[in-house]
Amino acid sequence: MIKFLVENLNKKIFELEYPQVLFPECKFSIYVDSICWFCEPNFPIYEFFKFLKEWEDNNLQTDMHYISMETSENPLISFEKIQCEWKISSQWQNFQCDRLITGDELKLSFQDLKKQLS
């Protein structure tokens, strides 16, 4: 199972002053089978969510490569299709994940992430 975890996000984005409103960041982690595969304490979650949302809207038809404006180490997070499942990779991953992730797992994780952001 894959899980996205958002921590320390200021959800009162409309109360923030310029320039903080441009950079809503949080601690963001990705767990694969309950093991922390990726963790970044200052992660641009809405930028990442935009990539995920576009990918989901296209029914996960193509690979997804998250290109962050905040780093030159891109793509920062990738989901690459291997037959009917997905391989996850990142420049900042804690370990090489050889386990493939199903589309259903990803969709459930997206739903959970949406709840965390609302």
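Notes on the structure follow. Predicted model, so just to flag it, every value in this text is computed and none were measured.

Formed by 30 residues in total, the largest nonpolar core has its most connected members in F4, F28, I45, F48, I77 and F79. At the level of secondary structure, the elements contributing two or more residues to this core comprise strand 1 (2–7), strand 2 (26–32), strand 3 (35–43), helix 1 (45–57), strand 4 (64–66), strand 5 (77–82), strand 6 (85–90) and helix 2 (103–117). Ranked by residues supplied to this core, first place goes to helix 1 with 5 residues. Among all residues touching F48, those that are not within four sequence positions of it are F4, F28, F43, M64, Y66 and I77.

Inspection of every chain in the model, using the stated rule, returns 8 salt bridges. Put simply, D33, R99 and E105 are held in one network by salt bridges that share partners.

Between N74 and the following residue, P75, the backbone shows a cis peptide bond with an omega angle of -5°. Turning to its location among the elements, P75 is positioned in the loop between strand 4 and strand 5. Non-glycine residue L60 carries a positive phi angle of around 55°. Position of L60 among the secondary structure elements: in the loop between helix 1 and strand 4.

This part covers the environment of N94. As for its position among the elements, N94 is in the loop between strand 6 and strand 7 (101–102). According to the relative accessible area criterion, N94 is partly exposed, its value standing at 49%. When the C-alpha positions of N94 and F38 are compared, they lie 5.7 Å apart, and in sequence the two are 56 residues distant. Once residues within four sequence positions are removed from consideration, N94 is found in contact with C36, W37, F38 and C39. Looking at N94, its side chain comes within polar contact range of the main-chain oxygen of C36, at 3.0 Å.

Moving on, we come to the sheet that holds strand 3. The strand order across the open sheet built from 3 strands is 1-2-3, with neighbouring strands paired in antiparallel fashion. Each edge of the open sheet is held by one strand with a lone partner, namely strand 1 and strand 3. This sheet shows a mean twist of 15° between the axes of neighbouring strands, independent of strand direction. Note that strand 2 and strand 3 share 6 bridges and pair antiparallel. Across the sheet, the residue bridging to S29 is C39, located in strand 3.

Time to look at helix 1. Taking 1.5 Å as the rise per residue, helix 1 with 13 residues should run 18 Å; its terminal C-alpha atoms sit 18 Å apart, in good agreement. Restricting attention to buried positions, one finds in helix 1 the residues I45, E47, F48, F49, L52, W55 and E56. Downstream of helix 1 by a residue or two, N59 has a phi angle that is positive, lying close to 55°.

Another point: the sheet that holds strand 5. Strand order in the open sheet formed by 4 strands is 4-5-6-7, with antiparallel pairing between adjacent strands. Two strands in the sheet have a free side with no partner beyond their single neighbour: strand 4 and strand 7. Note: strand 4 against strand 5, 3 bridges, orientation antiparallel. Looking at the pairing, H65 lines up with S78 of strand 5. Sitting on the sheet, helix 1 touches strand 4, strand 5 and strand 6, and the angle it makes with strand 4 is about 170°.

What counts, and where the lines are drawn
Residues numbered from 1 in each chain as written. Predicted model: local features only at pLDDT ≥ 70, side-chain atom pairs only at ≥ 80, totals over all residues. Heavy atoms only, no water. Core = buried A, V, L, I, M, F, W, Y, C linked by side-chain atoms within 4.5 Å. Buried < 20%, exposed > 50% of the residue type's maximum accessible area, 1.4 Å probe, protein only. Helix = DSSP H or I, 4+ residues; strand = E, 2+ residues; numbered from the N terminus. Contact = heavy atoms within 4.5 Å. Salt bridge = Lys/Arg side-chain N within 4 Å of Asp/Glu carboxyl O. Polar contact = N/O pair within 3.5 Å; in protein donor to acceptor, adjacent residues only side chain to side chain. Pairing = 2+ DSSP bridges. Axes fitted to C-alpha atoms, helices over the stretch in contact; angles between N-to-C directions. Expected span 1.5 Å × (residues − 1).

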